[in-house]
Structures are given as C-alpha cells and as structure tokens.
Amino acid sequence: MTNSKSVVILGAGAWGSALATLAKANDHKVHIWSRRSSRTLEKLVEDADIIVSAVSMKGVRDVVSQLQGLPLSPEIIFLTATKGLDPQTTCTPSQIWQEAFPNHPVVVLSGPNLSQEIQQELPAATVVASNVTSAAEVVQLVFSSNRFRVYTNADPLGVELGGTLKNVMAIAAGVCDGLQLGTNAKAALLTRGLTEMVRIGVHWGAKQETFYGLSGLGDLLATGNSPLSRNYQVGYQLACGKSLTEILTHLQGTAEGINTTKVLMLRSKQQNISMPITEQVYHLLQAEVTPRQALLELMLRDIKPEYNE
Ligand SMILES: NC(=O)c1ccc[n+]([C@@H]2O[C@H](COP(=O)([O-])OP(=O)(O)OC[C@H]3O[C@@H](n4cnc5c(N)ncnc54)[C@H](OP(=O)(O)O)[C@@H]3O)[C@@H](O)[C@H]2O)c1
Ligand SMILES: O=P(O)(O)OC[C@H](O)CO
C-alpha cells in the first residue's frame, strides 16, 4: 500500500495502545515502544514517518532527550497526544517537542477520546492541529476511519490546552457527582469551568473559538461525565471521603489533572488570572478543604455579571 506509513508510538499505556489499534486498522506499520521494550529506540525510529508521543507528562522530557541523541530523518513528523503541562516551565508537550526539534513539524492530537471506548470500537472524533497544515493532513489520513473521525485545526496551542485544562474540570465534575449535587450544579460547573479554560487559554495565546470545539468543550463533556475518566474518578472518590493517596494507590493509569492543577495555580497567580474552580480543586487535592467547603467557597464568591472580562 503506497500510503502506508511507518508509525512509532512511544508509550504502551492506555492511550498509546488505543492509537496503535487505530493506525494498525488502517494498515499502517506500527511499532509501540515503552521504556521496558527490548528493542532499542534507535532501531525503531530508523524508518519512521511519524513518531507519536503517548507517554504521560512526567515522561515527556525523558523521551525527548532519548530521541535527541539519535540520527532522525528530517521528514519525520512528531505527533504529541499527551495532555499535561511541564511542572518546571508550564510549557505544553508540543512546545517541548518543538523546542527540541525545531526543524520538524509537530502535530497535536486531542479530543474527547476515552481510550476504553475507542478500544471497544465505539465511534469517536478528534482533532489534529499544527502550524504545518500538510503534516496535520498526513496524520489525519493515518488515523481517520469509519469509527474515528479526525478534523484538522491550525491552532495547536488551543487544541492542546483544551485537552489539558479540562482535566482539572473533570476532577471538579467528579466531586460534583460524588456529592450528588444534581444536574443544575453540574451544568453550572462545566459552563463556568469552560469560561475559566477560555480565560487562561486566550491569555496564553490560544484562539477562543478552539475551546468551543471537540478538544475543548467536547473533551470537557466526555471526561466531566464519564467514570471512565481517571480525572473524574479522582474527584468522585475524593467526594466519597477517600484520601488522594488511597485513590492513587488503586487508580489504573495516569490522572494528569493533579499535576496540571498545580501548574495552573502557579501560572494563574503569576499572571493574575482569576481561576476560582481550579483554586478550589487545588485546595482539595492538598487536603486543605473538604469537598463541601470547596463547594461553599465557590457558591459564596462575590456576586458579579456573567461576563465582565
Ligand atoms: N487514556 C486515555 O483515554 C487518554 C486519551 C487521550 C489522551 N490521554 C493522555 O495520554 C497520556 C498517556 O495516558 P495513558 O492513559 O496512556 O496513561 P498510562 O496508561 O498511565 O500510560 C502512561 C505511559 O507513559 C509512560 N511513561 C511514563 N513515564 C515515562 C518515562 N519517564 N519514560 C518513558 N515512558 C514513560 C508509561 O510507561 P511505563 O508503562 O513504563 O510506566 C506508559 O507507557 C496522558 O497525558 C493522558 O492525559 C489519555
Ligand atoms: O482518563 P482521563 O481523565 O485521562 O481522560 C482521558 C481523555 O483525556 C479523554 O479524552
């Protein structure tokens, strides 16, 4: 098949495995690498067309530096699917990849994509975004199928931030459901959560409209309403009285929202951006407030116009 690509996926976790399934189903040559792999990264990336990073945030700098030492074809496209923020610099994963590989196209993939549903072959849609349109289109073709609809987008930062910032709101949504606060409360939380995402995201340099698409609102709805989301699970179980340590001991996989909340607090303080929901999620994760106290703090804030920014 002439359009068949060689795809190397870094990270054999839930998301790396689901992306591998999608690319394989389209007859691409797919190799998954993890730090426990017997095959060396050097050998695997030799013929790669696309290198997909599906490691969790804490692994991004490690895999970047491993690749930096290798001879790579200048044609290689980097595709990042990590939804997190660097704790030291507050950079997004694509910013880290682009800084390390300034001459390669970097594409972001993000959307409402709970991996378990994708592995069950349920239909889903996602967004691939890049400053290099042709690279986004290559990735679009590699993953598109009758059960995975892939849109391109020219705002990689907005697409990446949508998927990342909603993890904080997914924790809050889990708390809301765990406390059985009802549908009105959930709608209010997700709507005001989106306002918060837009506020900091636009200040960061992303386009406002991107947050109303699949990678923003779409992913917020998916993770904010699904027990399949690890971030939602963290919030839900906190509301049920478990400690964060206890929850993380039994959680399958990574809940990026925990680290993202800390990074966002840092950034919003540095830049004087109001993020009341994020702030309460932060205090809750630090065990400085109970879920009920966090709720009251939000409900009793000064009354104000809906839009004053
Ligand atoms: N699961 C989903 O539904 C989904 C959907 C969209 C996006 N995402 C995002 O995709 C990322 C991965 O999520 P996941 O669900 O696949 O998490 P996961 O199941 O916990 O897998 C994380 C992967 O990262 C690897 N990793 C961590 N630290 C590493 C390091 N220092 N060096 C090399 N590899 C390292 C892990 O390797 P080891 O196994 O060796 O620890 C594992 O392969 C997250 O940012 C998540 O937000 C997930
Ligand atoms: O399990 P979560 O909370 O990391 O959510 C997974 C994906 O981000 C859903 O799009």
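Note on numbering: residues in each chain are counted from 1, in written sequence order. All chains are assigned letters beginning with A, and all ligands numbers beginning with 1, in the order in which they are written. Since the coordinates come from a predicted model, pLDDT governs what is reported: local features require at least 70, and pairs of side-chain atoms require 80 or more to be given and counted, while whole-chain, interface and lining totals use all residues. With hydrogens and water excluded, all non-hydrogen atoms of the structure serve as input to the side-chain values.

Undergrad: Can you walk me through the site of ligand 1 in this structure?
TA: If you check the shell around ligand 1, you find 24 residues, and the closest are Arg35, Arg36, Asp62, Thr254 and Glu256. Between N or O atoms, a polar contact is any pair within 3.5 Å; within protein, one atom must be a potential hydrogen donor and the other a potential acceptor, and residues adjacent in sequence are included only when both atoms are from side chains. Between ligand 1 and the protein, one listed contact pairs an oxygen atom with a backbone N or O atom of Ala14 at 3.0 Å. Note that an oxygen atom of ligand 1 is positioned 2.8 Å from one of the backbone N or O atoms of Trp15. All accessible areas in this document rest on Shrake-Rupley with a 1.4 Å probe, and a residue is counted as covered only by the protein chains that are shown. For ligand 1, whose free accessible area comes to 890 Å², the fraction covered by protein is 88%. Segments assigned H or I by DSSP are reported as helices when at least four residues long, segments assigned E as strands when at least two residues long, and all are numbered from the N terminus. Listing elements by their share of the shell around ligand 1, those giving two or more residues are α1 (14–25) and α3 (57–68). In terms of residue count, the dominant contributor to the shell around ligand 1 is α3 (four residues). For the shell around ligand 1, the residue count by class is eight nonpolar, nine polar and seven charged. When at least one non-hydrogen atom of a residue lies within 4 Å of a molecule or strand, that residue is treated as near it. Each residue gets one of three labels, nonpolar for Ala, Val, Leu, Ile, Met, Phe, Trp, Tyr, Cys and Pro, charged for Asp, Glu, Lys and Arg, and polar for the others, Gly among them.

Undergrad: Explanation requested: the packing of aromatic side chains in the structure shown.
TA: Geometrically, a pair of aromatic rings is defined through the distance of the ring centres and the angle of the planes. Between 30 and 60 degrees the pair is tilted, below 30 it is stacked and above 60 it is edge-to-face, where a pair is any two Phe, Tyr or Trp rings, Trp via its six-membered ring, whose centres lie within 6.5 Å. Scanning the entire structure with this criterion turns up four aromatic pairs. Consider the rings of Phe78 and Trp97, whose centres lie 5.2 Å apart with planes at 25°: the pair is stacked. With a gap of 19 residues between them, Phe78 in strand β4 (residues 77–80) and Trp97 in helix α4 (residues 93–100) connect regions that are remote in the sequence. Trp97 sits in the buried class, given a relative accessible area of 1%. Measuring from ring centre to ring centre gives 6.0 Å for Trp97 and Phe101, while their planes differ by 20°; the resulting arrangement is stacked. Note on accessibility: Trp97 and Phe101 belong to one class, buried. The ring centre of Trp204 lies 3.7 Å from the NZ or CZ of Arg267, which sits over that ring. The cut-offs for exposure are 20% and 50% of the maximum accessible area for each residue type, with area from a 1.4 Å probe on protein chains only; residues under the lower value are buried, those over the upper are exposed, and the others partly exposed. The rule for a charge over a ring is simple: NZ of Lys or CZ of Arg within 6 Å of the ring centre, and within 35 degrees of the ring normal.

Undergrad: Sorry if this is basic, but what is going on with unusual backbone geometry here?
TA: Note on backbone geometry: most residues besides glycine have negative phi, and most peptide bonds are trans. Phi at Thr90 is positive, roughly 65°, even though this residue is not glycine. Take Thr90: it is sitting in the loop between β4 and α4. Even without being glycine, Ala287 reaches a positive phi, approximately 60°.

Undergrad: Explain the side chain of Ser268 here, please?
TA: Checked against the element boundaries, Ser268 lands in helix α12 (residues 257–270). For Ser268, a relative accessible area of 5% translates into the label buried. Those residues in contact with Ser268, other than ones at most four positions away along the chain, are Ile200, Ile273 and Met275. Only heavy atoms enter the contact rule, under which two residues are in contact if any of them lie within 4.5 Å.

Undergrad: Hey, could you run me through the pattern of salt bridges in this one?
TA: Opposite charge on two side chains lets them pair, provided their charged atoms get close. A pair is scored as a salt bridge if a Lys or Arg side-chain nitrogen falls within 4 Å of a carboxyl oxygen belonging to Asp or Glu. Counted under the stated rule, the structure contains five salt bridges. The residue Asp219 makes a salt bridge to Lys166 at a minimum N-O spacing of 3.6 Å. Taken as a pair, Asp219 in helix α9 (residues 214–224) and Lys166 in helix α7 (residues 156–178) lie far apart in primary sequence, 53 residues in all. Summarising the burial analysis for this pair, Asp219 and Lys166 share the class buried. Asp177 serves as the salt-bridge partner of Lys186, at 2.9 Å between the closest nitrogen and oxygen. For Lys186, a relative accessible area of 8% puts it in the buried group. In the salt-bridge network here, residues are joined through shared partners; they are Lys83, Lys166 and Asp219.

Undergrad: Quick question: what am I supposed to make of the UniProt feature "domain: Glycerol-3-phosphate dehydrogenase NAD-dependent N-terminal" (unreviewed entry) in the chain here?
TA: If you check UniProt for "domain: Glycerol-3-phosphate dehydrogenase NAD-dependent N-terminal" (unreviewed entry), the listed places come out as residues 7–38 and 40–134 in our numbering. Between the C-alpha atoms that bound residues 40–134 the distance is 30 Å, and the span itself is 34% helix and 20% strand. UniProt positions are given in the numbering used here, feature names are shortened, and annotations may be inferred rather than shown by experiment.

Undergrad: Please clarify how the site of ligand 2 should be interpreted in this entry.
TA: Taken together, Lys83, Gly111, Pro112, Asn113, Leu114, Lys166, Asp219, Thr223, Leu228, Ser229, Arg230 and Asn231 form the complete shell of residues around ligand 2. Contact between ligand 2 and Gly111: an oxygen atom at 3.1 Å from a main-chain N or O atom of the residue. A distance of 2.8 Å separates an oxygen atom of ligand 2 from a polar atom in the side chain of Lys166. With the chains in place, 92% of the 300 Å² that ligand 2 exposes on its own is no longer accessible. Tallied by class, the residues present in the shell around ligand 2 amount to three nonpolar, five polar and four charged.

Undergrad: How should I be thinking about the packing of α7 against helix α8 (residues 183–204) in this particular structure?
TA: Two measures define how a pair of helices packs: the angle their axes make with one another and the distance between the axes. To obtain an axis, a line is fitted to C-alpha atoms, over the contacting stretch when the element is a helix, and the angle between two such axes runs from 0 to 180 degrees between their N-to-C directions. It is at 9 Å that the axes of α7 and α8 come closest, and there the two elements cross at 150°. In terms of orientation, α7 and α8 fall into the roughly antiparallel class. Of the two possible hands of crossing, α7 and α8 adopt the one that is right-handed. The segment α7 lies against α8, with Leu157, Leu161, Gly162, Leu165, Lys166, Met169, Ala172, Ala173, Cys176 and Asp177 engaging Ala185, Lys186, Leu189, Leu190, Gly193, Glu196, Met197, Ile200, Gly201 and Trp204. Looking at the contact of α7 with α8, its residues break down into 13 nonpolar, three polar and four charged. Throughout, the term roughly parallel applies to angles under 35 degrees, roughly antiparallel to angles over 145, roughly perpendicular to angles from 65 to 115, and oblique to all others. In a left-handed crossing the near helix is turned counterclockwise from the far helix by less than a right angle, and in a right-handed crossing that turn is clockwise.

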